[in-house]
Amino acid sequence: MTHEIVSIPADAASGMQDSPALLRLRALLGEHRLLRDADSLARFGADRSPGWVPRPVAVALPETTEEVQEIVRIAREFRLSLVPSGGRTGLCGGAVACSGELVVALDRMNSLLSVDAVDRSVTVQAGMITARLQEIARERDWFYPVDFASSGSSQIGGNIATNAGGIRVIRYGMTRNQISGLVVVDGRGEVLRLNHGLAKNNTGPDFRHLFIGSEGIFGIVTEATVQLLPAPKPPQVMLFGVGGFPAILRLLSEFSNTLKINAFEFFSNNALEKVLARQGTASPVQTAPFYALVEYESAGEHDEARALAIFEEGLERGELVDAVLATSEAQSRAIWRLRESISDTLSAWKPWKNDISVRVGRLDTFIERVSALVAAGDSDLELVWYGHIGDGNIHLNILKPEELSADAFAERCSPLAKGIAALLGEFSGSVSAEHGIGLLKRDYLHYTRSNAEISALRAMKAIFDPDGIMNPGKLLPD
Ligand code: S2G
Ligand code: ZN
């Protein structure tokens, strides 16, 4: 997705003299690693969430943990707010700098620091692109399992700060499951070197898991030790045309109870139609109301026979319409492209993105209740259903009609958004399964986190960020 560069107010980008804080930062970073030109401010002050005008005071480009530490110390001294910035692929405004903050961009901290063949782990700087980490693993016949549509531009530091999920959570877990060591600079200016790559370390609460998913409100991730896996055999990929949610959930149950599935995704027909129109390709299966994409690790013909039997039985029950089994890696990738292109394709409609989850065992009744809300709601709005239904995560996107302004559209989405959030409270689900809270969902946080938890989060922020300079305004409601 191309992010349009929005205009920067003249005062932020003008040849305004460097403040004392910026003079100290320029002395630390030099001419070329403290940016103040309009394009840089616009580019580094935004992420993929629409609706905020990037307005940072400057962009710092540190190269080491020690430089990040010095930046935090200067920021504390001059009460300068900091916004950590990775690949800027976030969808909730978590990396947006719109109030004169200093962006701390990790782009130049993208090195492979060490490889441990015995542990099968690598230590990398936070600015490494996710796809580069996947490539480093492949080069050693290892595997980094976390993958999603934006892995070609997201950074591992940002994936850690948002505990990125993606398409294989059902098998390998979220980003937090892969991190065996973490170096962060917290808002005090302290460098915390956490867990050191140990497999076992039972010395009290594990601070890794405080920082993973904290969206930069406690500190800045600078390095990570990532546990990798032996490279798996090429998996089998199937795409099913499915009649409705009950059939999708039955397919999920049959596959997950008899085969080793890596991924179980779904999407509605209007999602596929939009992707095919954009790609200019034809569907590999007959048209159906929904599609299920299943990736599983086959141990041999027995497994493939089982998968085909599941299809034939579903066909006989009238629950499945069609299916295709990828017969090559190229065909597997083509099928995955249909699913992974949805988010980017829909961005043209500036959608209201519900990124929600409930326990898999509660999906059936939850989906029924959401469908009832939708049926009772604004029928003129087009909804697109897709996501990682295998782990209980549904992306329900409401598409903005061309003629509607962003505010009018938000107004029209609000009843359904609030109805879904209330349902999530009832079902003990999450208002943010994987994309995080950022600026966009702060007012929905209480549907998933209790007041007791939120007050504890505020207390923890006061410990790690006593001056409130770390990504202020993000995640925590005012
Ligand atoms: C999806 C992708 C978000 C992104 O399609 O499942 O979560 O752009 C979204 O990586
Ligand atoms: Zn997703």
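It should be emphasised that the depicted structure is a prediction, and the values quoted were computed from it without experimental measurement. (Residues numbered from 1 in each chain as written. Chains lettered and ligands numbered in written order. Predicted model: local features only at pLDDT ≥ 70, side-chain atom pairs only at ≥ 80, totals over all residues. Heavy atoms only, no water.)

Requested: an account of the packing of helix H2 (residues 20-29) against helix H4 (residues 65-77), with residues and values cited.
At a minimum axis distance of 10 Å, the contact between H2 and H4 shows a crossing angle of 170°. As judged from the angle between their axes, H2 and H4 are roughly antiparallel. Once H2 is placed against H4, the crossing between them reads as right-handed. Contact with H2, carried on its side by Ala21, Arg24, Leu25, Leu28 and Leu29, involves Glu67, Glu70, Ile71, Ile74 and Glu77 of H4 and no other residues of that element. Of the residues assigned to the contact of H2 with H4, the class counts are six nonpolar, no polar and four charged. (Axes fitted to C-alpha atoms, helices over the stretch in contact; angles between N-to-C directions. Helix = DSSP H or I, 4+ residues; strand = E, 2+ residues; numbered from the N terminus. Parallel < 35°, antiparallel > 145°, perpendicular 65-115°, else oblique. Left-handed = near helix turned anticlockwise from the far one by under 90°. Contact = heavy atoms within 4.5 Å. Nonpolar A, V, L, I, M, F, W, Y, C, P; charged D, E, K, R; others polar.)

Account for the packing of aromatic side chains, with residues named and values stated.
All told, the structure shown has 15 aromatic pairs when counted by the stated rule. With a centroid separation of 4.7 Å and an interplanar angle of 45°, the aromatic rings of Phe245 and Phe290 are classed as tilted. Pair noted here: Phe245 is in helix H9 (residues 245-258) and Phe290 is in strand E14 (residues 290-297), with a separation of 45 residues, a long-range link. Residues Phe245 and Phe290 agree in their burial class; the two are buried. The ring of Trp349 carries Lys274 above its face, with NZ or CZ at 5.2 Å from the centroid. (Phe/Tyr/Trp six-rings, centres within 6.5 Å; stacked < 30°, edge-to-face > 60°. Buried < 20%, exposed > 50% of the residue type's maximum accessible area, 1.4 Å probe, protein only. Lys NZ or Arg CZ within 6 Å of the ring centre and 35° of its normal.)

So what's going on with helix H5 (residues 130-139)? Which residues, and what values?
Within H5, the full set of buried residues consists of Thr130, Leu133, Gln134, Ile136 and Ala137. One side of H5 holds all its buried residues, which, seen down the axis, span an arc of 160°. In this structure, the buried residues of H5 make contact with strand E5 (112-116), strand E6 (121-125), strand E7 (142-143), helix H6 (156-161) and strand E10 (219-227). Backbone geometry just after H5 places Asp141 at a positive phi near 60°. (Arc of directions from axis to C-beta.)

Describe in detail the coordination of the zinc ion (ligand 2), supporting the description with residues and values.
Here the zinc ion (ligand 2) is held by His388 (NE2), His395 (NE2) and Glu434 (OE), and the distances to it run 1.8 to 2.1 Å. Ordering the donors of the zinc ion (ligand 2) by residue number gives the pattern H-x6-H-x38-E. Taking the relative accessible area as the measure of exposure, His395 reaches 3% and is therefore buried. (Donors = N, O, S within 2.8 Å, 3.2 Å for Na, K, Ca; no water.)

Outline the site of ligand 1, listing residues and values.
In the region of ligand 1, the neighbouring residues are Leu91, Ala149, Ser150, Arg339, Ser343, Tyr386, His388, His395, Glu434 and His435. Between ligand 1 and Ser150 there is a distance of 2.9 Å, counted from an oxygen atom to a side-chain nitrogen or oxygen. At 2.7 Å from an oxygen atom of ligand 1 is found a side-chain nitrogen or oxygen belonging to Glu434. When ligand 1 is considered free in solution it has 300 Å² of accessible area, and contact with the protein chains removes 91% of it. Residues belonging to the shell around ligand 1 are distributed by class as follows: three nonpolar, five polar and two charged. (Near = heavy atom within 4 Å. Polar contact = N/O pair within 3.5 Å; in protein donor to acceptor, adjacent residues only side chain to side chain. Areas by Shrake-Rupley, 256 points an atom, 1.4 Å probe, with all protein chains shown as cover.)

Please provide a residue-by-residue account of unusual backbone geometry, values included.
In the Ramachandran plot, Lys350 falls in the positive-phi region, its phi being about 40° despite a non-glycine side chain. Residue position: Lys350 is located in the loop between helix H13 (342-346) and strand E16 (352-357). Of note, the phi angle at Ser428 is positive, near 50°, even though the residue is not glycine. Checked against the element boundaries, Ser428 lands in the loop between helix H15 (406-426) and helix H16 (451-464).

Before we move on, can you summarise the nonpolar core with the specific residues and values?
One broad rule of soluble globular proteins: the nonpolar side chains tend to lie buried together. Of all hydrophobic cores here, the largest spans 105 residues; its most connected members are Leu102, Leu182, Phe240 and Phe255. Excluding residues within four positions of it along the chain, Phe255 makes contact with Met238, Phe240, Ile261, Val294, Tyr296, Ala307 and Ile310. (Core = buried A, V, L, I, M, F, W, Y, C linked by side-chain atoms within 4.5 Å.)

Any chance you could break down the sheet that holds strand E4 (residues 102-105) for me, citing the residues and the numbers?
Read from one edge to the other, the open sheet built from four strands follows the order E1-E2-E4-E3, with strand pairing classed as mixed. The open sheet is flanked by strand E1 (34-35) and strand E3 (82-85), the only strands paired with a single partner. Two strands pair when backbone bridges link them, and strand E2 (residues 58-60) and E4 are joined in this way by three bridges, in the parallel orientation. Paired with Val59 across the bridge in E4 is Val103. (Pairing = 2+ DSSP bridges.)

With reference to specific residues and values, describe the sheet that holds strand E9 (residues 191-194).
Think of a sheet as strands paired side by side through backbone hydrogen bonds, with each pair either parallel or antiparallel. Taken in spatial order, the five strands line up as E5-E6-E10-E8-E9 in an open sheet, and their pairing is antiparallel. Every other strand in the sheet has two partners, leaving E5 and E9 as the edge strands with one partner each. In this sheet, neighbouring strand axes are inclined to one another by 15° on average, regardless of whether the strands run parallel or antiparallel. Pairing analysis gives seven bridges linking strand E8 (residues 179-186) to E10, with the strands arranged antiparallel.

Any chance you could break down the pairing of E3 for me, citing the residues and the numbers?
Regular strands place side chains that alternate from one sheet face to the opposite one. Where burial is concerned, the two faces of E3 agree: the one with Leu82 and Pro84 and the one with Val83 and Ser85 are both buried. Relative to E4, E3 runs parallel, the two being bridged by four bridges. Pairing of Val83 across the sheet is with Val103, part of E4.

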